[in-house]
Every structure is written in C-alpha cells, then in structure tokens.
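This is what each chain is made of:
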2 protein chains.
Amino acid sequence: MTQDLDDVPDPNEVVKRHERELESVLADVEEPANDDDSLTLELAGLELDRRDFMKTGAAAGAMSALGGCVGGLTDVGGGGAGTENGGGAKTPAHTVAPGEHDEYYGFWSGGHSGEIRVIGLPSMRVLTRIPVFNTECAKGYGYDEKSKEVLEDGGDYTWGDNHHPALSETGGDYDGEYLYVNDKANGRIARIDLKYFETDAILDVPNVQAVHGFTVQSPDTEYLFGNGEFRTPLPNDGRDLRSPESYASLFSAIDPETMTTEFQVRVDGNLDIIDSDKDGRWAIASAYNSEESTTISGMTRDDRDYVKAFDVPAIEKLVEQGKYEEKINGVPIVDGTKGSKHNSGSDPIVRYIPTPKSPHCVEVGPNGDYAFVAGKLSPTVTMLDIDKLGEVDDPADAVAGRPKVGLGPLHTTFDGNGHAYTSLFIDSQVAKWDIEKAVEADAGSTEPILEKQDVHYNPGHIQAIEAMTTDPDGEWLVSLNKLSKDRFLPVGPIHPDNDQLIHIGQGEKEMEIVADHPAYPEPHDCIFAHKDKINPSKTYDKADVDAPFVTESDSGVERTGEESVHVKLSAKRSEFGMSEFAVQEGDEVRMTVTNVEGVADIVHGVAIPEHDIQLAVAPQDTREATFTVDEPGVYWLYCTYFCSALHLEMRSRMIVEPAD
Amino acid sequence: MTQDLDDVPDPNEVVKRHERELESVLADVEEPANDDDSLTLELAGLELDRRDFMKTGAAAGAMSALGGCVGGLTDVGGGGAGTENGGGAKTPAHTVAPGEHDEYYGFWSGGHSGEIRVIGLPSMRVLTRIPVFNTECAKGYGYDEKSKEVLEDGGDYTWGDNHHPALSETGGDYDGEYLYVNDKANGRIARIDLKYFETDAILDVPNVQAVHGFTVQSPDTEYLFGNGEFRTPLPNDGRDLRSPESYASLFSAIDPETMTTEFQVRVDGNLDIIDSDKDGRWAIASAYNSEESTTISGMTRDDRDYVKAFDVPAIEKLVEQGKYEEKINGVPIVDGTKGSKHNSGSDPIVRYIPTPKSPHCVEVGPNGDYAFVAGKLSPTVTMLDIDKLGEVDDPADAVAGRPKVGLGPLHTTFDGNGHAYTSLFIDSQVAKWDIEKAVEADAGSTEPILEKQDVHYNPGHIQAIEAMTTDPDGEWLVSLNKLSKDRFLPVGPIHPDNDQLIHIGQGEKEMEIVADHPAYPEPHDCIFAHKDKINPSKTYDKADVDAPFVTESDSGVERTGEESVHVKLSAKRSEFGMSEFAVQEGDEVRMTVTNVEGVADIVHGVAIPEHDIQLAVAPQDTREATFTVDEPGVYWLYCTYFCSALHLEMRSRMIVEPAD
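Structure report, in brief. (Residues numbered from 1 in each chain as written. Chains lettered and ligands numbered in written order. Predicted model: local features only at pLDDT ≥ 70, side-chain atom pairs only at ≥ 80, totals over all residues. Heavy atoms only, no water.)

Quick notes on the overall build of chain A
- Summing up its helical and strand segments, chain A has eight helices and 42 strands in all.
- Residues classed as buried in chain A amount to 69% of the 660 residues present.
- Counting contacts in chain A only where the partners sit at least 6 residues apart, residues at least 24 apart contribute 59% of the total.
- With an accessible surface of roughly 19800 Å², chain A has 43% of that area assigned to carbon and sulfur atoms. (Helix = DSSP H or I, 4+ residues; strand = E, 2+ residues; numbered from the N terminus. Buried < 20%, exposed > 50% of the residue type's maximum accessible area, 1.4 Å probe, protein only. Contact = heavy atoms within 4.5 Å. Areas by Shrake-Rupley, 256 points an atom, 1.4 Å probe, with all protein chains shown as cover.)

Observations regarding the relation of the copies chain B and chain A
- Screw-axis analysis of chain B against chain A gives a translation of 0.0 Å along the axis, an RMSD of 0.0 Å, and a rotation angle of 180°. Read as a symmetry element, the transformation amounts to a two-fold axis.
- Interface residue correspondence from chain B to chain A reaches 100%, placing this contact among same-surface, isologous pairings. (Least-squares fit on C-alpha atoms with pLDDT ≥ 70 in both.)

Some words on the interface of chain B and chain A
- Each side of the interface is counted separately: chain B has 169 residues, and chain A has 169 residues.
- Across the interface of chain B and chain A, roughly 14500 Å² is buried in total on both sides, 61% from carbon and sulfur atoms.
- For the chain B face of the interface with chain A, the top three residues by lost area are L489, Y520 and F642 of chain B, together amounting to 6%.
- Run the count over chain B and chain A and you get 58 residue pairs in polar contact (both at pLDDT 80 or more).
- Looking at the side of chain B that touches chain A residue by residue, the class counts come to 80 nonpolar, 45 polar and 44 charged. (Buried area = accessible area lost by both parts, 1.4 Å probe. Polar contact = N/O pair within 3.5 Å; in protein donor to acceptor, adjacent residues only side chain to side chain. Nonpolar A, V, L, I, M, F, W, Y, C, P; charged D, E, K, R; others polar.)

Side note on unusual backbone geometry
- Following S218 of chain A, the chain continues into P219 of chain A via a peptide bond in cis, with omega recorded as 0°.
- Take P219 of chain A: it is sitting in the loop between β10 (209-216) and β11 (224-230).
- The omega torsion of the bond from L121 of chain B to P122 of chain B falls at 10°, within 30 degrees of zero and hence cis.
- Inspection of the secondary structure assignment puts P122 of chain B in the loop between β4 (115-121) and β5 (125-131).
- Phi at F197 of chain B is positive, roughly 55°, even though this residue is not glycine.

Describing the packing of aromatic side chains
- Applying the stated criterion to the full structure yields 34 aromatic pairs over all chains.
- Through a chain of ring-to-ring contacts, the aromatic side chains of Y223, F225, F251, F263 and F310 of chain A assemble into a single cluster. (Phe/Tyr/Trp six-rings, centres within 6.5 Å; stacked < 30°, edge-to-face > 60°.)

Points about empty space enclosed by the protein
- Per the stated rule, a full pass over the model turns up 18 cavities of 30 Å³ or more.
- Approximately 460 Å³ is the volume attributed to the largest cavity.
- Around the largest cavity, the lining is made up of 27 residues, and of these R125 and V126 of chain A together with R125, V126 and P518 of chain B lie nearest the centre.
- Where the lining of the largest cavity is concerned, the elements lending two or more residues are β4 (115-121), β5 (125-131) and β31 (512-519) of chain A together with β4, β5 and β31 (512-519) of chain B. (1 Å grid on protein atoms, 1.4 Å probe; cavity = no way out; pocket = protein on both sides within 12 Å on 5 of 7 lines; lining within 4 Å. Points joined across faces, edges and corners; volume = space filled by probe spheres on them.)

What about the pairing of β31 of chain B?
Residue and element names in this part refer to chain B.
- β31 sits mainly inside the fold: eight of its eight residues count as buried.
- Summarising the sheet, strand β30 (residues 497-503) and β31 pair through seven bridges and their orientation is antiparallel. Considered in β31, the bridge of D499 is made with H517. (Pairing = 2+ DSSP bridges.)

Regarding the pattern of salt bridges
- In total, this model carries 68 salt bridges over all chains according to the counting rule given.
- Two residues, R651 of chain B and E229 of chain A, come together in a salt bridge whose shortest N-O distance is 3.6 Å. With R651 of chain B in strand β42 (residues 651-657) and E229 of chain A in strand β11, this pair bridges two chains. Neither residue differs from the other here; R651 of chain B and E229 of chain A are each classed as buried.
- A salt bridge links D173 of chain B to K533 of chain B; its shortest N-O distance comes to 2.9 Å. Of this pair, D173 of chain B sits in strand β7 (residues 173-183) while K533 of chain B sits in the loop between β32 (526-530) and β33 (556-561); the two residues are 360 residues apart in sequence, bridging distant segments of the chain.
- For D173 of chain B, a relative accessible area of 30% translates into the label partly exposed.
- Each of the salt bridges in this network shares a partner with another, and the network as a whole consists of D144, K146, E198, D621 and R623 of chain A. (Salt bridge = Lys/Arg side-chain N within 4 Å of Asp/Glu carboxyl O.)

Concerning the pairing of β30 of chain B
All names here are of chain B.
- For β30, a buried count of seven out of seven residues is recorded, marking the element as mostly surrounded by other parts of the structure.
- Going residue by residue along β30, you find D497, D499, L501 and H503 tucked away on one face and N498, Q500 and I502 tucked away on the opposite face as well.
- Judged from the six bridges that link them, strand β29 (residues 476-481) and β30 form a sheet pairing that is antiparallel. Bridge assignment links W476 to a residue of β30, and that residue is H503.

Brief notes about helix α4 (residues 145-153) of chain B
Residues and elements named next belong to chain B.
- Every buried residue of α4 is accounted for by S147, V150 and L151. Seen along its axis, α4 keeps its buried residues to an arc of 95°; they face one direction. Of the residues in α4, the exposed ones pointing more than 90 degrees away from the buried face are E149 and D153.
- Each element contacted by the buried residues of α4 is listed here: β9 (198-204).
- The residue sitting at the N-terminus of α4 and contributing the capping side-chain oxygen is D144; that oxygen lies 3.1 Å from the backbone nitrogen of K146. (Arc of directions from axis to C-beta.)

Describing helix α6 (residues 312-320) of chain A
All names here are of chain A.
- Looking only at α6, the buried set comprises V312, I315, L318 and V319. Down the axis of α6, the buried set is contained in an arc of 125°. They therefore lie on one face. In α6, the exposed positions angled more than 90 degrees off the buried face are occupied by K317 and E320.
- Looking at the packing, one finds that the buried side of α6 touches β11, β13 (260-267), β15 (282-288), β16 (304-311), β18 (331-335) and α7 (341-344).
- Just downstream of α6, G322 is the residue with a positive phi angle, here 75°.

Some details on the sheet that holds strand β11 (residues 224-230) of chain B
Residues and elements named next belong to chain B.
- If you trace the six strands from one edge of the open sheet to the other, you get β10-β11-β12-β13-β18-β17, paired in mixed fashion. Lying at the two open borders of the sheet, with one neighbouring strand each, are β10 (209-216) and β17 (326-328). Averaged over all pairs of adjacent strands, the angle between strand axes in this sheet comes to 30°, irrespective of strand direction.
- Two elements, strand β12 (residues 249-255) and strand β13 (residues 260-267), share seven bridges in a ladder whose sense is antiparallel. The residue of β13 that forms the bridge with F251 is V265.
- Lying on the sheet, helix α6 (residues 312-320) is in contact with β11, β13 and β18 (331-335); it crosses β13 at an angle near 110°. (Axes fitted to C-alpha atoms, helices over the stretch in contact; angles between N-to-C directions.)

Re the sheet that holds strand β15 (residues 282-288) of chain B
Residue and element names in this part refer to chain B.
- Within the open sheet, the four strands sit side by side as β14-β15-β16-β19. Their pairing is antiparallel. Bordering the open sheet on either side are β14 (270-276) and β19 (350-356), each of which pairs with just one other strand. On average, each strand axis in the sheet is inclined to that of its neighbour by 25°, with strand direction left out of account.
- Pairing of strand β16 (residues 304-311) with β19, which is carried by seven bridges, proceeds in the antiparallel orientation. Counterpart to Y306 in the pairing with β19 is P354.
- Contacts from α6 reach β15 and β16 within the one sheet, and its direction differs from that of β16 by about 65°.

Points about a negative patch on the surface
- A cluster of acidic residues, D279, D369, D387, E391, E436 and E440 of chain A, forms a negative patch on the protein surface.
- Structurally, E436 of chain A can be placed in helix α8 (residues 435-440). (Patch = residues over 30% accessible without salt bridge, like charges linked within 9 Å, V, L, I, M, F, W, Y side chains within 5 Å. Lys, Arg positive; Asp, Glu negative; His and termini not counted. Charge placed at Lys NZ, Arg CZ, Asp CG, Glu CD.)

As for the side chain of H164 of chain A
All names here are of chain A.
- Along the chain, H164 falls in the loop between α4 (145-153) and β6 (166-170).
- The exposure class of H164 is buried, given its relative accessible area of 4%.
- Here the side chain of H164 touches H212 through a polar contact of 3.0 Å, landing on its backbone oxygen.
- A polar side-chain atom of H164 sits 3.1 Å from a polar atom in the side chain of H461.
- Leaving out residues up to four positions away in the same chain, H164 has contacts with S109, Y180, V181, N182, H212, G213, F214, I273, H461 and D525.

If you want it as structure tokens, here you go:
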C-alpha cells in the first residue's frame, strides 16, 4: 500500500452528484404526486421502486448501470428450524419457538426517541425498552423521585438523541455490568445498570455541544470517550459569537464510576465517531470540516480531512502533571490542535491522519490490528495500522489499505473470519470484503470486494454479532436502514426505519436477507452480547433501594408539616396497605410505595387520577412520588400493572378534604 | 336455558382460593429467593415453572389435578411458508418474507405507556407507535404547537392509561377514518386520524373518574360510549367525601365529530367494560360492586352483580325532551339507577340483568345475536339474547346460556364460524366453545367446550382477526398475556407482557400457539383491520396543515416585538432555509419549519440543543415550536431524521446575542 490519496476517486464527484439530485428532488416538490417515489433517482439512493423492480428480474443489470453492484435478494421468510426455499437452498432460521429464548441480547440506541431498546437475536423481538433521556410513563421514568433525580442531574431535559450504545468491558469482554450511551442533542452520557435494566446516572458533559461519537475504552472500561461534534465558542457564554475560527470541538474522557469528566482535548475541525483500540492506548476519531466552516459548501470544500488518534496515556500524563492549557467549568482542557505545542514534537498527543474528505465512522477490528474509516463522500474505506500510529513520522504512513467499496460507505463491521462488511448509504448495499486482500491491493482497488447485498434502503450503522469484541460470532448481521419506503404496511407520513437481519456465512458469497424489521425512529447503532454475559436481577435487592421499605403495617399517613404529609403504602396482590386515606387541600404529599411481593414478574403500578402520577414498583422495590393536592374531592389510586384476577379492584381512596 | 343463577358454581369458591393464595404469597415475601417463582401456587395462576414443567411431559395430568383442563402445547416456530413439525402436521406460517406486507393492521392499546402500537399481523412486527396520552420526542408529540394544543385541550397531563381501541365504522364495517381510545387514568377519550396516524383530539370527559369501558356505536359511529368506572361524588368538588352511597358512576355518550359529551347516565355500582350492539340501539356494560362498597371485601360480598343495557334511542329522546335530572358541567345527566323514575315503568331506559358477581367483559358477537359476559370470579360466561333485552319483563329472562368455561374468564372473541374463545386468567388458558351448543346446554355445563389451549401466562383480552365486525377472519387469534415470567431473555424486574399468536382452525381442536411476542407494559386490548381498509397518506396535504408553508425563499427572521421573533425555516435534503440566524437573549422565539420535500419517507427533524426542542416534520408538513432563548451563545439546530449522505452536515447556526 504505497499509493497516496490522489489515487482514490475524486470525492467531489459524489458531492456533485448530490447537488444534481437535490435539484431533481426540488423539481418533485412542485407537484407532489402519489407515485412520487417511483421514478426519481434520489439523493437518498437508488429509488426506482426497487421492491417491484426486483420482482421483474431485471434488477441486476439495470442497477449496475446506475453505478451499484447488486447482490441477490432471496425472497423468503425465516422458519423455525430452517426452511427450504424455491431453489432448494437452506434459509437460516431466525424465529425462536414459543417459550424458547433468543441467543443474544441486542441493545439498540433509540435516536431521538431518547430510549434504549433491548432486542432478542435472532428473533428480532423487542424485549423491553429502557427509558434514558426521555420521560416514560409505563415504567414511571421521570415520575418517581429516583428517576427524576437522575434526569435532573443530567440537566433536566425531557428528551435526548441517543446514538451509540457501549457495553462495559473487563479483560476485553463484556462484563454485563453497565450499558452506556450518548445524547447528541444535549451533550450528555448516560449509564444504565444492567442488574435492573435501569438508567442510574446521566452526565451533562461540560464545554461541549452534541456528544456524537461515543465509546468505552477497551479492554477495561477505564474511560468513556465522547466527541463533542459541534464547534462552539469555548465557553459558550456569548463570547466569540461571530468568530467561527475560535470555536472548538472537544474530545472528552469520562470516569465511568464517578461519571465525571476527567479531561478534554481541543482539536481542529468537527469530531465525529470514535472507537477505542483493544489495548487502552489509542482513541481514534473520525472528523470532518477541517475547513472550520459554518456552511455545508464550506465544510465540503477541501479534498482532505483528518482522522484524530488520541494517545490517551500521553494526554493523561500531561493532565496529571498539570500541563494543560486551562480549566473551564472545572475540566482541564489540553490543546490538541494541529500546531499546538503538545503536537509539535516527535511525540504528538494527537495524530492527524489524512483521509478523503468528510469520512464518517471509525471502527477498530476485532484483533485490534486496524481501524476502519468509512469514506462517506469517498467510495473507499481507509484502514489504519494501529501499531504504526505511534511509530511513523508521517501519520499518512499508518494507512494500511484503502479498498473501493461503493458509494456512501458509512460503517464497517466484522465476522471474526477476516471479513469486513461496510454499509453503503447511497448504493443501499452492504459490501463484504477481505481485510488482508485490502492491505495487499492498491488503494482504490475493488479486488478485495467479495460480495454485495442490496438492503432496503440506505443503511447507516451495521453490526454483526459481538463484532466489537475480540471474538465476533460471525453468523448474523443487522443493517440499520434509514428508509423503509414501501417495505411495510403504510403508517402515515412518518415511516419506520428498517432493521434487516442478514445471515452471513463463511464463504465468498453468502449474505442473505432473512427478515425486515420495522424500527420506531430512530435507532442509530446497536451492540450485541451473548445471553450468558447479561445477568439481570428479577427482584430488587433491598440494599440497592434508597427509600424506606413500607410493610402493610407501616402503611399510614404521617403529617410532616402544616401543609405536608408523608403517605406510606405497601402494595401486594390485590391490595394497597390502606384502602383509604385522607389529606388536606394544599398539602404537599410525599408518597412512598413498596411492593412487598417476592415473586418475579408481579409488578404493581400506582396511578393517581388527575394528579399526573404513575409509579411502577417491581417486587421488593420502593418508589416515591411528590405532588400537591390542589382540588378537594375523592381520587382513586389504582394499580396499573395487571396483577391478579382482582387487579381491577386494587385501589385506594384518597380523600382530599377542603382547606376550610 | 331455564336454569337460574343458583345452578352455577359458587363464585365465592374462587374468591376463597384467592385469599388462600394471597397468604402463600405473603409467606414468600419473608424470604425472597432466586427460585421464588418455581413452586408457589400463585393467585396469578398456575405457576409451577410451567415452561420447564411442560418439557417433562407430565404437565397435562398435574395441571388437571390443579383444576385446569390443559390443551396441547406445540413447541414449534412459524416458518415463512409453513414448516413441518415433528409430528408431520403443518405449522401455519406467520413470518412475512422480506419486502412483503402483512395482511392485517393491529391497533394495540399501550396501557400506561399512553401510546397506541400499530402491529402487523401475522408477523406481529411493531410497525409504528402513535403517541396519544404521553409525550414522545421521536415524533415531537408534546413538543410542537399542534400536538401541545391537543394535549392541553385534554387537560394537559403528561401520561394516560389507554385500554380499549375502537375503529370508526360506516355501515357496520371499518371505514379507516379514525381510531379512538380511552384513558382510564384521567377519564379521557382520544381520536386518532388514520390519514396521518396522528392524535388529533382529546376530550376530558366531565363528571367521571377513570373512563374504562369504551367502544364506538355500531353500525355508523354516531356515538362513542365511555364508562366512568370509579364512583365519586358528583360533582367531585369536595362534597359528599365520606358518603360513598352518594357517589356515582356514569355512562357517557360522546359525539365523535365534535368530541363533546352529549349526555351521561347515572347507574348503580361501578361500570366496567362496554360494547355496542350491531343496530345502534343497545350499549351493554358490565359492572361490579353493586354493594357500592369502598373495599375489596365489600365489593365482592354479594353473589350478584348486574350488567347494564342502555337503551340509547330512549335515553336520547329523554335528553332531547329535556327530561334529564340536571346538567353538571354542561352535560345533561339522566338518572338510570335501579329505582329511578325512568327505570320504574314497563320501558326502563337501563335494563339491569343479574349475573354472578363481578363479571368482567362484555362483547357482542359478530352477528349481533348475543352479548357475552365473562364471569371473572365465576367460571362461566353469561350470554344475553340481545333481541330479548327490550321484550322480556324480567331482564334475567334475556339470559340465553351460561357455559362453564374455566377459572377466571375475562374476555371473549369470535371466529365467525360459530365459535367463541374465552380467556381464562386464572387457568392461563383460552377456551374454545360452541355458541349454539351453549344455548342448548344447561347453565354451568362444560359440554359446549371444544378445546382448551394453555397460554403463558394469565391472559387478559384476547382478540381474533376482525372479531368485532360482522365478518371475522377466523384464522388468527392473539392472547394478550399479562405475565411472561421466563418466556423471554430476562430484562430486569419489569418483565414484558407476552402477546401470543394462536392459529385457530375450523375444526374441533385446532388451536395452536405459533409465536410468543414480548410487549412493553401494558397493552390491554387490540383491534384488527384488513390492510385494504386503512389508507394513510404518505405526505401531508396542505389543506390539512394549519400553519404557514415556509419555502426556502420565505426563510428568515422577523422581529414581532421587543422580545419576540418569528423564525421561518424551510427544510430539504440536506439544508435548512437559513444556514444561520441571530436572535436576542430573552427573546420568545416562534419557529415555523416546513419540510418542502414531496418524496415519501423523507422526514426532517429539528433538534435545538439545550432548548429541549425536537420537531418531526414530514413531507409537505409544517410544525411550529415556541421557546425562549435565555442564554447567549451559539446553538446548532440539526436534523434528527437521517435524510441523506450529508445529513450530518444539515444544520443551522442559531446565534443568541447577549441582551446588552
């Protein structure tokens, strides 16, 4: 691999194509028609009503003519134990028989829904949702005092935009302790306790806007790494408003135990996605807008951008020695810009590796040899030799390969058998390619490409099972497609995304789409763990509950002030600890509810009509709510979790006495 | 059918069993163990770790010994085109091949999640969610001015507890116009426009607490009927707090076009579920607590309760003639209590039909002959001959049959081939039975029972495809099981529910569980429509959008006052109408965003970091947000719906200038 960047196709070609297509889209707008998506070559990809098109059998030739390379679409469903398809080939089973368990947990980010989704693989069934940056009434998240405190600590927003879930690691493997995820909208990071599948901490990262790229440090989760994507004044308090050249994007290192920001590094351009190497030295981030412009045309003007590789121990040392530039909002800020003093010597703390303009994702392969940087506006993936990052004088010499994979490469995943799979947003395909062949081949070569599989449509992230570990499973891959168009029954103008389950084999040409799964807007990424690595609790341990345990005999009303009362209530099938209680109009009520059951899956809820209160109290757990009773009257608290044949009768009469 | 109530098994037996089991549950609580759910005979049903139990092959005998009658569990997955199971029998296909569509829409209530879920059948894939009584950031529901107004009109709560979805009908069939659903928590009814799959109105029903039972009037949706379940003082303003005998439960009739309450009827006891006949005369409600007690033991003291059949045209006539008792909060209240003047003559407006105590659901069969009242605490279903309701002197003579179906019958559904299917909460089974045989048989007979199918576990509602129309499909049935216990990978103390898909055949013994599907808490009911009956729009019609259409050239900032501005912004791939704009610290910003695209599935979102704003703007739609800019600085609005290869660059720089 000796070729330089000039050997790869001109990324401007892609941008020009975008611009032409934008014009054709605008032409559409003049007369929106019902068949508006049938004949337009859209910016979003090849949209010749592909679903019908495939059925004509003319697809492969026509699509190749349009610039794509088309894999076969096998039009079959998955069977419980594998079914024979028309051609006699075996379609892999993906359904799971009634009562049987999935093999893998999938943790899906929920994008601007703010939640995490837990999906079983291979069945693709959504097992539960974990509210994180949103408020969510089914689980009482944002209603009980515990979750309200978590949300308030995180800045008291009602929504977030989570992108990149990451599992805690010990010794390079998932330890099942925590899941972490970023909020792009408000620059936050959340921690989810996998003992209870519950968000237990949210950090509002100081000094950054839009934490986008996010990962944990391998192999032992000593840090969480977050990229502040948007360049803003620093601090963003009204200074430098019209001086974009002084704006900054920061890389942040967070302590996962204390959930505090340990240090930040200022860089050139906008940081994007990030991954950790496998040894705890390098955090490698993609980046764009080296131009430091504030418009799209300015951001895509130049032909080069720079991946940033952060030498974490070196930066740590600087911080320990107090060799940072300044503290802002209590966080040491190290200058990692290109010409800064820490970057000028022979041992720069941040290596700037040139890539074609506006690369998107960086993923580190399972054995830790290479980082894969998808080109987005370039049809290539740039491979960085991680061992060379600290050795070469010219960072460009760390580039180990640059295969031409197709149009709009965004993300790469791995099967652990020497293959990489790259999503192609514009081509609406997944390209499977040979990693070592790509190192041997010339830059821009298509030789390493083994197979392409059409997906429907416009994939963002793709993830193979346990691809982020050192030992991927290699059987399944999920393509998180951003558009579903006509793949599902229509549900109005906001379509679901389409998560396609793809079986990946070990040979040269074995990708097969097994199922389409609609996804509520808008998952960005997912991460998988074998079921044996996750061990949640079925009831709460009293030691973990920071609230009084209220038994039936403890139940009662205690007046705590002239206008405040403490209502204590036990819950069991099918009764609350009090069948009625009285408070005074104007009282602030602190209500403490304990579910005294020890039996798994017997949850009790507490709804208070006309008081906007809903608690979910799992066995042995206690939740509290605080509210004011403003209107005299009778209000029937009732259980919201259907708990027994007498569930409907499970309630308590709250009498609010008039104040005078 | 000449037997009276005394022939049926004593419902007190069931209650006594409940009480014994409650005690054993409490014993568990002393020492919660990890295997706490393996050996306890719970109130919630037969919980002998049934999943493992079934595998031993010893299930049938043991379970029968415990009081249930057990059907066979066939342990297979569904195949794309049907697969051969071990015994050589054909397992029906329920997966849908990639790119193919489901045959039916299912609209699921979301319980205390506040949302509606749209699920495709037979694949059981969740196609989308419709936020209704909750706030939800992915679709910007509760964030944009349009949805905020809908929520504020409905009382400005942040959550609700929706139970019973109902589709609008014309001529007795679904017309695809609207879906309606109740909120039990705050006594509300919502209307969802199926052109856009969007909630467009919420009514806070006056004078009631907890609208539980809910349905549309057949055949032409002239009314929505809602049952206020909880008895409260009337009005509930502090009067009569400690006089439960003066509390009331009201039946409400709502105009679906104006979403206003036309009249209400006061009755004895607590109203529960309701259904309409097929001819627009009778609304038939189950009810409990004839004792009018405020405690469980009091509510279940007597052996009898009364189904209420409301003679709608007769009540309408009284209201038209001004013959109601009073108006409260603007709504005419008619006295329908047992001894009231309108009920004393030969033509009572409300018929009180005696049933065993605490019946649960009432469903009217497809041909409109019978209403089926599930016994809950009685192991029977009481069938009412609807034609006789207006004819017989003694309402008890309208009882046409009372088969003994099993323990804890809650809901009944239909296949259109003469069979009823009743969910048995305590037995954890679905009983299939012959409707005409039940009329011919003695009360309490098990002769009409054709088959029982174990479900996992504790079913509430069950619904067969289009069972609520005059022409059910008869192929699939979904059992909405309240507990899932160990049926799925564990996800912490709050388990999913388990919606089981059951294939129902035409013969005597053909129920077969095809798939388990985890459900986020807590669906109560669902309703199905053939795909041809629902025709949503893929883009917005300008005529339906009550906000300015902002083109690219309209984009700009208009100062509307000393501290207020109007920001107008177009959105298309991959640009907002302004790449930057400035406002002043302290300004109230009205922001209007139009998605000018005409292409389906190209949605743009507008996130405003640190301002808690998230809009979802579908093609040709306009949404507005109002917020105040309190802190000077630079804030990058960005697109939240992944729209193109340059989506990441799609943003606009909001500069908030310092006030001085």
